Amino acid sequence: MISETLLAPQDMKQDPVFGQRSFNDHEQVVFCHDKDTGLKAIIGIHNTTLGPALGGTRMWKYFNEWEALNDVLRLSRGMTYKAAITGLNLGGGKAVIIGDAKTQKTPELMKRFGEFVHSLSGKYITAEDVGMETADMDLVREVTPYVTGISEAKGGAGNPSPITAYGVFMGLKAATKFKFGTDSLAGKKVYVQGIGHVGETLVSHLVKEDAEVVIADINEARLHEVSQKYGVHIYHGNDIYAEQMDIYAPCALGATVNDETISKLTAKVIAGAANNQLADEVKHGELLQQRGIAYAPDFLINAGGIINVYAELVNYGKDEIIKKTENIYNTTLDIFTKSVQEGTTTQQAAMQIAEQRILQRKKEMN
Ligand code: NAD
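Computed from a predicted model, the values in this text were never measured in an experiment.

Student: Please set out the sheet that holds strand β10 (residues 269–270) residue by residue, giving values where relevant.
Tutor: One open sheet accounts for 6 strands, arranged β8-β7-β6-β9-β10-β11; its pairing is parallel. Here the strands that pair on one side only, and so sit at the sheet edges, are β8 (233–234) and β11 (294–295). Bridge analysis of strand β6 (residues 189–193) against strand β9 (residues 247–250) gives 4 bridges, and the strand direction is parallel. Paired with valine 190 across the bridge in β9 is isoleucine 247. Helix α6 (residues 220–230) contacts β7 (212–216) and β8 of the sheet and is inclined by roughly 165 degrees relative to β7.

Below, the structure written as structure tokens:
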């Protein structure tokens, strides 16, 4: 079972918001409720120094409200770093809707959520995340302009997932180059965990490069569909982390790199789309480094989606989107070099660059 937040019982004894383990100087946390549509949502705005806080909306069956709050705090902070390291003039934000996207998501609920987004007057701009579709963003667009990732038919940049997958592929290749001395994936055994919107497209890129791909998902129907479409193996065991592999690509939910899994992992490279892959970004970054596992920071390599939706805001075209996404390859290699030179983890090296950019902007503003 993947838990995004690894919520510990002690977290529930802390003060509800400002005392949360994941609270990290967030600027604003907005609780949204609507009885008629059943909407229960939380919008987290982490930092708006570089621009309006942009980040997707996730709809998930959270175990409880603490877990949802923890998730939105962690995810919105991650967006601040993602935008900063990618060189975009955006801040970090995220929203979570508590509920089952398959059974509880209705057009009325999405529009009501959109009204809450609108009430923030552009300080937060939403987009899609897990449990959301481009059509949902079109519904939100009916009530607010503060949404990106709407369909191409409605003038948007469309589904960001293929671009996210392309960026992850670039980051994965760069990490492979760093670890194996070549970025060729031919014959490399890659486990892709989660073959949803991003995972499937990543599989297609990997197959084109003759990687030996194994897929894992909790959705059996999808496993068979993707396996047949790309001729890849399905993982059937119950401990994926102990499998023999060259590359582990987490593309489901976060916190899969933790005390328990690191000790088993045989992979030499970790590069995937999931946000917040390290359960503890300091401790687990260091453990990976000690074990010689090259970790491509998630917020750096999964930035293709934000590049894609940013295009809607600043009006740049497909060529610029591709160029910026391909540059993830170079930035990832630079981060590996910096981490070796400075003796830090790749996570720390990437975070430092992002923080410097924010600090610089703050100085310019004062
Ligand atoms: P998705 O909902 O389309 O796919 C997620 C897949 O993971 C689903 O097929 C689901 O069945 C599977 N899954 C869930 N729990 C699992 C488990 N325990 N084991 C194995 N598989 C499991 O989501 P997505 O849009 O493909 O995003 C995947 C990840 O990438 C998320 O963490 C998301 O936040 C992140 N991400 C996505 C984008 C984007 O553009 N879509 C951008 C940046 C980051």
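Student: Mind laying out the pairing of strand β2 (residues 39–47), listing which residues take part and the relevant values?
Tutor: Judged by how many residues are buried, β2 sits mostly within the fold: 8 of 9 residues are covered. Two elements, strand β1 (residues 28–34) and β2, share 7 bridges in a ladder whose sense is antiparallel. When the sheet's bridge partners are listed, histidine 33 is paired in β2 with lysine 40. Here β1 folds back onto β2, and the loop between the two strands holds 4 residues, one of which, glycine 38, carries a positive phi near 80 degrees. Here 6 bridges tie β2 to strand β4 (residues 91–98), and the two strands are oriented antiparallel to one another. Counterpart to isoleucine 45 in the pairing with β4 is glycine 93.

Student: Quick one: what's the story with the site of the ligand, residue by residue and with numbers?
Tutor: Near the ligand there are 22 residues, and of these Arg58, Thr164, His197, Asp217 and Ala252 occur at the shortest range. Serine 161 is positioned with one of its side-chain polar atoms (N or O) 3.1 Å from a nitrogen atom of the ligand. Starting from 830 Å² of accessible surface for the ligand in isolation, the protein chains cover 87%. The set of elements that each furnish at least two residues to the shell around the ligand consists of α4 (161–180) and α5 (197–208). Looking at side-chain class alone, the shell around the ligand contains 10 nonpolar, 8 polar and 4 charged residues. Residue contributions to the shell around the ligand reach at least three from each of two domains, namely domain 1 (10–75 + 92–159) and domain 2 (162–303 + 332–353).

Student: With reference to specific residues and values, describe helix α2 (residues 107–118).
Tutor: Look at α2: 16 Å from first C-alpha to last across 12 residues, which is about the 16 Å you get at 1.5 Å a residue. All of the buried residues in α2 are Leu109, Met110, Phe113, Gly114, Phe116 and Val117. Down the axis of α2, the buried side of the element spans an arc of 155 degrees, and every buried residue falls inside it. Elements that come into contact with the buried residues of α2 comprise β1, β2, β3 (53–60), β4, β5 (124–128) and α3 (134–141).

Student: Tell me about the domain arrangement of the chain, and name the residues and values.
Tutor: Split into domains, the chain comes out as domain 1 (10–75 + 92–159) and domain 2 (162–303 + 332–353). When each unit is reduced to the centre of its C-alpha atoms, the spacing between domain 1 and domain 2 is 26 Å. In this complex, domain 1 contributes 10 residues to the contact, which on the side of domain 2 involves 8 residues. Counting the surface lost from both domain 1 and domain 2, the interface buries some 730 Å², and carbon and sulfur atoms represent 46% of this. Counting the surface domain 1 buries against domain 2, the share from its top three residues, Trp60, Arg74 and Asn159, is 57%. Joining domain 1 to domain 2, the criterion identifies 0 salt bridges. When residues of the side of domain 1 that touches domain 2 are traced back to their parent elements, those giving at least two are β3 and α1 (65–86). In terms of residue class, the side of domain 1 that touches domain 2 is made up of 4 nonpolar, 1 polar and 5 charged.

What counts as what
- Residues numbered from 1 in each chain as written.
- Predicted model: local features only at pLDDT ≥ 70, side-chain atom pairs only at ≥ 80, totals over all residues.
- Heavy atoms only, no water.
- Pairing = 2+ DSSP bridges.
- Helix = DSSP H or I, 4+ residues; strand = E, 2+ residues; numbered from the N terminus.
- Contact = heavy atoms within 4.5 Å.
- Axes fitted to C-alpha atoms, helices over the stretch in contact; angles between N-to-C directions.
- Buried < 20%, exposed > 50% of the residue type's maximum accessible area, 1.4 Å probe, protein only.
- Near = heavy atom within 4 Å.
- Polar contact = N/O pair within 3.5 Å; in protein donor to acceptor, adjacent residues only side chain to side chain.
- Areas by Shrake-Rupley, 256 points an atom, 1.4 Å probe, with all protein chains shown as cover.
- Nonpolar A, V, L, I, M, F, W, Y, C, P; charged D, E, K, R; others polar.
- Domains from an automatic or database assignment.
- Expected span 1.5 Å × (residues − 1).
- Arc of directions from axis to C-beta.
- Buried area = accessible area lost by both parts, 1.4 Å probe.
- Salt bridge = Lys/Arg side-chain N within 4 Å of Asp/Glu carboxyl O.

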